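# Topology and contacts: notes
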Amino acid sequence: MEREISGSREYTQKFETVCPVDSSKVVHTVRFIKSTCTRVDDIVDDFRCSRNGSCVKCTENYR
């Protein structure tokens, strides 16, 4: 997992995982917006899959 801070409320993380569609190794790049309260999860602002940029099947894993 890699973490990069690009602003005071945004950050990007990369996750190496296995695709549920074809079991290939993929990298998910997720940009989050920090919530203003610690009791609320950070918001997924953008999701990209290295296998298929238009696939959103795994997006829910990060919400």
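Please refer to the structure higher up on the page.
Residues numbered from 1 in each chain as written. Predicted model: local features only at pLDDT ≥ 70, side-chain atom pairs only at ≥ 80, totals over all residues. Heavy atoms only, no water.

### Brief notes about the overall build of the chain
Across its full length, the chain carries zero helices and four strands. Looking at the chain residue by residue over its 63 residues, the buried ones come to 25%. Partitioning the contacts of the chain with sequence separation of at least 6, the portion at a separation of at least 24 is 22%. Taken as a whole, the chain presents about 4700 Å² of accessible surface, with 46% of it coming from carbon and sulfur. (Helix = DSSP H or I, 4+ residues; strand = E, 2+ residues; numbered from the N terminus. Buried < 20%, exposed > 50% of the residue type's maximum accessible area, 1.4 Å probe, protein only. Contact = heavy atoms within 4.5 Å. Areas by Shrake-Rupley, 256 points an atom, 1.4 Å probe, with all protein chains shown as cover.)

### Quick word on unusual backbone geometry
One non-glycine residue with positive phi stands out, namely Ser-23, at about 65 degrees. With relative accessibility at 58%, the residue Ser-23 sits in the exposed group.

### Some remarks on the environment of Asp-41
Within the secondary structure, Asp-41 sits in the loop between strand 3 (25-33) and strand 4 (43-49). In this structure Asp-41 comes out as exposed when scored by relative accessible area, which is 59%. Taking the C-alpha atoms as reference, Asp-41 lies 9.8 Å from Tyr-62; in sequence the two are 21 residues apart.

### Looking at the environment of Tyr-62
Tracing the backbone shows Tyr-62 in the segment after strand 4. Placed 18 residues apart in sequence, Tyr-62 and Val-44 show a C-alpha to C-alpha distance of 7.0 Å. Non-local contacts of Tyr-62, meaning those with residues more than four positions away in its chain, are made with Phe-15, Thr-17, His-28, Val-30, Phe-32, Val-44 and Phe-47.

### A word on the pattern of salt bridges
Opposite charge on two side chains lets them pair, provided their charged atoms get close. Counted by the stated rule, this structure contains three salt bridges. Here Arg-31 makes a salt bridge to Asp-45, at a shortest N to O gap of 2.8 Å. With Arg-31 in strand 3 and Asp-45 in strand 4, this pair connects stretches of sequence that are 14 residues apart. Residue Asp-45 is classed as partly exposed on the basis of its relative accessible area, which comes to 36%. The salt bridge involving Asp-46 is made with Arg-48; its shortest N-O contact spans 3.7 Å. Take Asp-46: its relative accessible area is 24%, and that puts it in the partly exposed class. Judged by relative accessible area, which is 46%, Arg-48 ranks as partly exposed. (Salt bridge = Lys/Arg side-chain N within 4 Å of Asp/Glu carboxyl O.)

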